[in-house]
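Below, each chain spelled out in residue letters.
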Amino acid sequence: MATKEECRSALEKLSDNLAGADGDIRTAAGFDRSLSCHITDLDLTFRGELVGGRIEVRDSVPGPPPDKAQIRLAMTGDDLVALVDGELHFARAWASGRVRLEAGFRDLLRLRALL
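Residues numbered from 1 in each chain as written. Predicted model: local features only at pLDDT ≥ 70, side-chain atom pairs only at ≥ 80, totals over all residues. Heavy atoms only, no water.

Q: An account of the nonpolar core is requested, with residue identities and associated values reported.
A: When a protein is soluble and globular, its nonpolar side chains tend to lie buried together. Counting 27 residues, the largest nonpolar core has Ile71, Leu73, Met75 and Leu80 as the members making the most contacts within it. Elements with a minimum of two residues in this core: helix H1 (4-19), strand E1 (33-39), strand E2 (44-51), strand E4 (71-75), helix H3 (77-84), helix H4 (90-96) and strand E5 (100-103). (Core = buried A, V, L, I, M, F, W, Y, C linked by side-chain atoms within 4.5 Å. Buried < 20%, exposed > 50% of the residue type's maximum accessible area, 1.4 Å probe, protein only. Helix = DSSP H or I, 4+ residues; strand = E, 2+ residues; numbered from the N terminus.)

Q: Describe unusual backbone geometry, listing the residues and the values that go with them.
A: With a phi angle near 50°, Asp43 is a residue other than glycine that sits in the positive phi range. Along the chain, Asp43 turns up in the loop between E1 and E2.

Q: Talk me through the packing of H1 against H3; I want residue IDs and the actual numbers.
A: Two numbers describe a pair of packed helices, the interaxial angle and the distance between the axes. One way to put it is that H1 packs onto H3 with a least axis distance of 9 Å and a crossing angle of 30°. The angle between H1 and H3 falls in the class roughly parallel. Here the hand of the crossing between H1 and H3 comes out left-handed. Judged by residue contacts, Glu6, Cys7, Ala10, Leu11, Lys13, Leu14 and Asn17 of H1 engage Gly77, Leu80, Val81 and Val84 from H3. The residue makeup of the contact of H1 with H3, split by class, is 7 nonpolar, 2 polar and 2 charged. (Axes fitted to C-alpha atoms, helices over the stretch in contact; angles between N-to-C directions. Parallel < 35°, antiparallel > 145°, perpendicular 65-115°, else oblique. Left-handed = near helix turned anticlockwise from the far one by under 90°. Contact = heavy atoms within 4.5 Å. Nonpolar A, V, L, I, M, F, W, Y, C, P; charged D, E, K, R; others polar.)

Q: Tell me about empty space enclosed by the protein, residues and numbers included.
A: The tally for this structure, following the rule as stated, stands at 1 cavity of 30 Å³ or more. In this structure, the largest cavity encloses a volume near 40 Å³. Taken together, Leu11, Leu35, Cys37, Phe46, Arg47, Gly48, Ile55, Glu56 and Val57 make up the full set of residues lining the largest cavity. Every element with two or more residues in the lining of the largest cavity is listed here: E1, E2 and strand E3 (54-62). Tallied by class, the residues present in the lining of the largest cavity amount to 6 nonpolar, 1 polar and 2 charged. (1 Å grid on protein atoms, 1.4 Å probe; cavity = no way out; pocket = protein on both sides within 12 Å on 5 of 7 lines; lining within 4 Å. Points joined across faces, edges and corners; volume = space filled by probe spheres on them.)

Below is the structure:
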C-alpha cells in the first residue's frame, strides 16, 4: 500500500508532467480549478488547485473531501502511483471503476485530452 508521502510525490510528479506537456495536453491542463484527490485506502484527501497547467497541493485532510472541489478524483494510493508511473492507463482504470473522476460537463470535455 502506497504511503501518504508516496501519494504526495506522485501528485508532484503528475504536476511536473502536466507542466512539461505540449499541444492538446498543455491546453487541457491550462485552466484554473479547485481539485481534490481522495486516497481511499488511506482515507485521506489531498486538496489543491489546478493552476496554469500545474497541480498545487495545498494540504491533506483525513477522510473524504470536506468540500466539493470542481475536479474530484478518488482511487487507492497504489493506483495513483501506477497511473503517474505509466503502469495503469487512466481510461481503463476509470471505465473499470478503479478511478473515480467527477467534474462539471465542460471540465470533463477539457480533461478528455488528458485521459
